[in-house]
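Descriptive analysis of the structure
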Amino acid sequence: MSQSINIQVLNIKDDLIHYQIEVTNGITSNSLDFYANKNEFIEFGNQLKQFPSNIKEEVIYELGEKDKHSAYYMLMKVYCYQPYGYTAINVKIENGGTDPYHNKAVFSITTMPASINKLGKILSSWNPKIESEIEWIAE
């Protein structure tokens, strides 16, 4: 089963972009709509292009606040889970809705460092005002 991250631009108004991200590990998936600027993923991507510099390195992307008053929360933590360089992206996505609209998922994508580096290149060079969608498939 395919493990992937897909990010789409749903709307652009001035410098505010309405994104939808869908993340799956082939068994579990979740998506989240959120608003951010066009440079939202550049720093995260730049960090992933050189990952890992050592076996204990972690790269974290966090969006929103993890409290009951926030509209959404997303955390992606990239780390090595074995000393041989096997890597994973731990994904936590939660919307701020209440039941029956509350949604929360926690899962991981396992992959190799070269695939993480490829994700970094995609994210760091993406201009969502020109290209409306990107997709990364874990190798």
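Residues numbered from 1 in each chain as written. Predicted model: local features only at pLDDT ≥ 70, side-chain atom pairs only at ≥ 80, totals over all residues. Heavy atoms only, no water.

**What about the pattern of salt bridges?**
Tallied over the entire structure, the rule returns three salt bridges. Aspartate 15 is the partner of lysine 129 in a salt bridge, and the nearest nitrogen-oxygen pair spans 3.0 Å. One end of the pair, lysine 129, is in the loop between helix H2 (113-125) and strand E8 (133-137); the other, aspartate 15, is in the loop between strand E1 (4-13) and strand E2 (16-24), with 114 residues separating them in the sequence. Judged by relative accessible area, lysine 129 falls into the partly exposed class, the value being 39%. The partner of lysine 118 in a salt bridge is glutamate 139, and the shortest N-O contact between them spans 2.5 Å. Placement of the pair is lysine 118 in helix H2 and glutamate 139 in the segment after E8, with a sequence separation of 21 residues. Under the relative-accessibility criterion, lysine 118 is labelled partly exposed at 38%. (Salt bridge = Lys/Arg side-chain N within 4 Å of Asp/Glu carboxyl O. Helix = DSSP H or I, 4+ residues; strand = E, 2+ residues; numbered from the N terminus. Buried < 20%, exposed > 50% of the residue type's maximum accessible area, 1.4 Å probe, protein only.)

**Some thoughts on the sheet that holds strand E4 (residues 58-64)**
Two modes of strand pairing occur in sheets, parallel and antiparallel, and in both the strands are linked by backbone hydrogen bonds. Taken in spatial order, the four strands make up an open sheet running E4-E5-E6-E7, and their pairing is antiparallel. Only two strands of the sheet have a single neighbouring strand rather than two, namely E4 and strand E7 (104-111). The mean angle between the axes of side-by-side strands here comes to 10°, regardless of whether they run parallel or antiparallel. Against the sheet, helix H1 (residues 42-49) contacts E4 and strand E5 (72-80), and its axis sits at roughly 165° relative to E4. Each of E5, strand E6 (87-95) and E7 touches H2; the most contacted strand, E6, lies at about 50° to it. (Pairing = 2+ DSSP bridges. Axes fitted to C-alpha atoms, helices over the stretch in contact; angles between N-to-C directions. Contact = heavy atoms within 4.5 Å.)

**Here we look at the sheet that holds strand E3 (residues 29-36)**
As summarised here, the arrangement of the four strands in space is E3-E2-E1-E8, forming an open sheet in which the pairing is antiparallel. Each edge of the open sheet is held by one strand with a lone partner, namely E3 and E8. On average, adjacent strands in this sheet sit at an angle of 15° to one another, irrespective of strand direction. Taken together, the five bridges between E1 and E8 define a ladder with antiparallel strand orientation. From the neighbouring strand, isoleucine 7 faces E8, where its bridge partner is isoleucine 134. Contacting E1 and E8, H2 runs over the sheet at an angle of about 175° to E8.

**Regarding a nonpolar patch on the surface**
A cluster of nonpolar side chains, contributed by Tyr81, Tyr84, Tyr86 and Met112, occupies part of the molecular surface with about 460 Å² of accessible area. Residue placement: tyrosine 81 occurs in the loop between E5 and E6. Judged by its relative accessible area of 38%, tyrosine 81 falls in the partly exposed class. (Patch = residues over 30% accessible without salt bridge, like charges linked within 9 Å, V, L, I, M, F, W, Y side chains within 5 Å. Areas by Shrake-Rupley, 256 points an atom, 1.4 Å probe, with all protein chains shown as cover.)

These results come straight from atomic positions and should not be treated as a statement about function.
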